[in-house]
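# Chains, contacts and geometry: an overview
One letter stands for each residue in the lines below.
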Amino acid sequence: MTIELQQKDLLAVSCDLLVVNLFRGATKPAGATGVVDKALGGAISALIEEDGFEGNVGQSLVFPTFGKIKAKKVAIVGLGEKKVFDADAVRKLGGYIVKVAEKARAKSVVTILHGAGIGGLDPRMSAQSLVEGMYLSSYRFHQYHGKLRKSDAERAIKSVVICETDVRASKAAVEGLERGTALASATSFARDLVNHPSSHMAPADLVEAAKSLVGKGVTVKVMDAAEMKRKKMNAALAVARGSDHPPFGVHLSYKPRGAKKIIALVGKAVTFDSGGLSIKPADAMMDMKCDMGGAAAVLGAFKAIAALKPNVEVHGIFLAVENMPGGNAYRPGDVVTAMDGTTIEILNTDAEGRVTLADALSYAKTLEPDVIIDLATLTGACIVALGQDIAGMMTNDTKLAQRLLDASKESGEPLWELPLYAPYADHVKSKIADIKNIGMRGQAGSISAAMFLKPFVGDTPWAHLDIAGPAYIERETRPDVPFGGTGYGVRLLMKYLAKL
Ligand code: BES
Ligand code: ZN
Ligand code: ZN
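In what follows, the accompanying structure is described. (Residues numbered from 1 in each chain as written. Chains lettered and ligands numbered in written order. Predicted model: local features only at pLDDT ≥ 70, side-chain atom pairs only at ≥ 80, totals over all residues. Heavy atoms only, no water.)

## Looking at the overall build of the protein chain
Broken down by element type, the protein chain carries 16 helices and 19 strands. At 24 Å, the protein chain has a C-alpha radius of gyration in line with the 23 Å of a compact globule built from 500 residues. When contacts within the protein chain are restricted to residue pairs at least 6 apart in sequence, long-range pairs at least 24 apart make up 78% of them. Counting every atom, the protein chain has about 20,800 Å² of accessible surface; 53% of that belongs to carbon and sulfur. Here the protein chain carries 60 positive and 54 negative side-chain charges, and the mean point of each set is 3 Å from the other. (Helix = DSSP H or I, 4+ residues; strand = E, 2+ residues; numbered from the N terminus. Rg over C-alpha atoms; globule rule 2.2 N^0.38 Å. Contact = heavy atoms within 4.5 Å. Areas by Shrake-Rupley, 256 points an atom, 1.4 Å probe, with all protein chains shown as cover. Lys, Arg positive; Asp, Glu negative; His and termini not counted. Charge placed at Lys NZ, Arg CZ, Asp CG, Glu CD.)

Given below as structure tokens:
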């Protein structure tokens with residue numbers, strides 16, 4: 001699907017489907033919708049009356065034009081309440097438009113800059129959000145469909161044209177369109193990485209993904225097991241031991257001239273989490289290819305960084321391992337020593353993410369960044385607390401917290417803060433080592449995991465995003481987030497970086 005902006009009159013372009021809109025509570029079509037209504041002899045006004053179309057979010061009405069205008073069909077989509085209409089509403093709208101167009105079997109779609117000028121929305125933001133929503137909702141992963149389901153591709157929308165006649169608005173919209181295209185493409189890249197089964201996404205494959213991003217200011221350093229050993233990353237190496245797939249460390253860098261801040265992005269990169277010897281029940285293991293969702297978000301962010309060139313130095317770090325119960329696997333009861341010298345008592349080999357992050361965060365800290373942000377599919381407890389859609393944030397810095405919450409609101413990736421409650425450091429106190437890798441059964445599992453990570457970042461401003469819920473979804477709750485890997489975090493990180 002291609003999306004382009006044309007400085008043309010809406011009615012002058014031929015297409016299968018022309019999409020206009022209506023706010024909730026509006027009794028008459030306004031703006032572009034009014035123009036189309038007039039050209040159709042008041043057909044839209046009549047339909048609003050007769051069909052009781054209320055302009056709710058997700059509501060739509062499609063009808064044929066019988067040759068009265070160049071478009072074969074027209075769709076009216078609901079914008080919802082004008083009061084709460086914002087960038088994320090436009091993003092969802094873009095998603096709904098794609099769904100409506102796919103259902104109507106439209107190959108070519110023409111539409112407008114929905115909501116530009118409403119509230120704080122300018123043409124640039126409106127275009128960016130619309131384009132993000134459309135691309136993200138049209139995302140499909142069919143690399144493993146083989147002979148079946150080829151028709152999916154045939155049914156896809158081929159082209160979308162956004163019409164805007166005003167010269168200044170259309171210039172701004174083109175900027176937004178380019179930004180939205182880059183962000184959607186980076187998100188799709190992350191989604192693909194998560195959606196590939198673990199049979200095709202081992203640690204070495206994550207290294208290849210990282211290498212594919214080199215150029216345009218991005219460099220990569222790869223550490224093999226021997227190099228990780230020299231660096232004393234013995235915690236991550238312990239997790240990797242039960243698998244036949246060797247581990248790899250990846251360090252991506254982007255250092256623009258004149259950057260004033262250094263940000264380290266750390267991702268959990270467990271390419272499959274069987275639980276290890278503390279093996280998971282079958283149902284809990286089924287989707288564990290998603291356990292590298294944190295690394296996928298970091299890689300997606302770097303793809304976007306190469307395209308959008310933010311003015312900050314960024315480092316992306318992950319230690320890729322597979323957590324398997326092989327003959328040489330690490331055991332419950334073992335003690336392992338992390339890169340910074342901290343000793344960790346392993347009591348459950350399924351709490352492996354934090355063990356690998358101990359070394360990844362220790363390594364990130366040696367770069368002396370101003371901020372560390374880690375993203376990790378870390379705890380089932382976070383899904384219990386916040387559900388499938390919302391990531392948990394635990395941080396030692398209130399300013400960073402606010403920045404990330406603001407970014408989340410704009411990017412449409414829900415985030416909620418959980419407390420980094422100091423007394424719960426007790427939950428991960430070990431009798432025989434510095435810390436243990438599990439907390440108290442049934443109590444604040446996400447927070448105790450964060451308390452485990454905390455010592456490894458020292459005083460560095462740090463935010464831990466537990467993305468166990470939103471990295472991979474079973475049930476669609478937004479039109480722009482289809483089933484499977486979601487690429488959660490890519491756009492949130494980019495919003496955060498862009499504002500620094
Ligand atoms: N990868 C899992 C967490 C997870 C669960 C991610 C569901 C996505 C969906 C993690 O490694 C894990 O197994 N955590 C354990 C920790 C426990 C043993 C302390 C958990 O949450 O049960
Ligand atoms: Zn686990
Ligand atoms: Zn895991």
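## Focus: the nonpolar core
Ranked by size, the top nonpolar core spans 58 residues in total, and within it Leu-206, Leu-299, Phe-302, Ile-373, Leu-404 and Tyr-496 carry the most contacts. In terms of residues, this core owes the most to one element, helix α11 (residues 293-308), which gives 10 residues. Contacts of Leu-299, omitting those with residues within four sequence positions, involve Phe-189, Leu-193, Leu-206, Ala-209, Ala-210, Leu-213, Leu-252 and Phe-318. Core analysis: the next-biggest nonpolar cluster, separate from the first, contains 46 residues, Ile-317, Leu-319, Ala-364 and Leu-386 among them. (Core = buried A, V, L, I, M, F, W, Y, C linked by side-chain atoms within 4.5 Å. Buried < 20%, exposed > 50% of the residue type's maximum accessible area, 1.4 Å probe, protein only.)

## So, the site of ligand 1
Of all residues adjacent to ligand 1, which total 16 residues, the nearest are Asp-273, Lys-280, Asp-350, Glu-352 and Gly-380. Within the contact set of ligand 1, an oxygen atom lies 2.9 Å away from a side-chain nitrogen or oxygen of Asp-273. A total of 520 Å² of accessible area belongs to ligand 1 in isolation, and the protein chains cover 77% of it. Secondary-structure elements contributing two or more residues to the shell around ligand 1 are β9 (262-273), α12 (352-366) and α13 (380-386). Residues that form the shell around ligand 1 fall into these classes: five nonpolar, four polar and seven charged. (Near = heavy atom within 4 Å. Polar contact = N/O pair within 3.5 Å; in protein donor to acceptor, adjacent residues only side chain to side chain. Nonpolar A, V, L, I, M, F, W, Y, C, P; charged D, E, K, R; others polar.)

## Concerning the side chain of Thr-33
The topology assignment puts Thr-33 in helix α1 (residues 31-39). Excluding residues that lie within four positions of it along the chain, Thr-33 makes contacts with Val-20, Asn-21 and Ile-44.

## Let's talk about the coordination of the zinc ion (ligand 3)
Coordination of the zinc ion (ligand 3) by the protein comes from Lys-268 (NZ), Asp-273 (OD), Asp-291 (OD) and Glu-352 (OE), over a distance range of 2.0 to 2.4 Å. Given six donor atoms and angles of 77 to 171° at the metal, the environment of the zinc ion (ligand 3) is assigned as octahedral. In terms of primary sequence, the donors binding the zinc ion (ligand 3) are separated according to K-x4-D-x17-D-x60-E. The metal-metal distance between the zinc ion (ligand 3) and the zinc ion (ligand 2) is 3.2 Å, with Asp-273 coordinating both. Pair noted here: Lys-268 is in strand β9 and Glu-352 is in helix α12, with a separation of 84 residues, a long-range link. Taking relative accessible area as the criterion, Lys-268 reaches 2% and is therefore assigned buried. Taking the relative accessible area as the measure of exposure, Glu-352 reaches 0% and is therefore buried. (Donors = N, O, S within 2.8 Å, 3.2 Å for Na, K, Ca; no water. Tetrahedral: all angles 85-135°; square planar, octahedral: opposite > 155°, others 65-115°.)

## Remarks on the pattern of salt bridges
Applying the stated criterion to the full structure yields 20 salt bridges. Salt-bridge contacts for Glu-102 lead to Arg-140; the nearest nitrogen and oxygen are separated by 3.0 Å. Pair noted here: Glu-102 is in helix α3 (residues 87-103) and Arg-140 is in the loop between α4 (123-138) and α5 (151-155), with a separation of 38 residues, a long-range link. Look at Arg-140 and you get partly exposed, because its relative accessible area is 34%. Among the charged side chains, a network of salt bridges with common partners joins Asp-88, Arg-91, Glu-132, Arg-478, Asp-480 and Arg-491. (Salt bridge = Lys/Arg side-chain N within 4 Å of Asp/Glu carboxyl O.)

## Observations concerning the packing of aromatic side chains
According to the stated counting rule, one finds five aromatic pairs in the structure shown. When the centroid spacing of 4.5 Å and the interplanar angle of 75° are considered together, the rings of Tyr-421 and Tyr-424 count as edge-to-face. Judged by relative accessible area, which is 40%, Tyr-421 ranks as partly exposed. On the basis of relative accessible area, Tyr-424 is assigned to the partly exposed category, the value being 25%. Consider the rings of Tyr-472 and Phe-483, whose centres lie 6.0 Å apart with planes at 70°: the pair is edge-to-face. With Tyr-472 in strand β18 (residues 472-473) and Phe-483 in the loop between β18 and β19 (484-485), this pair connects stretches of sequence that are 11 residues apart. For Phe-483, a relative accessible area of 45% translates into the label partly exposed. (Phe/Tyr/Trp six-rings, centres within 6.5 Å; stacked < 30°, edge-to-face > 60°.)

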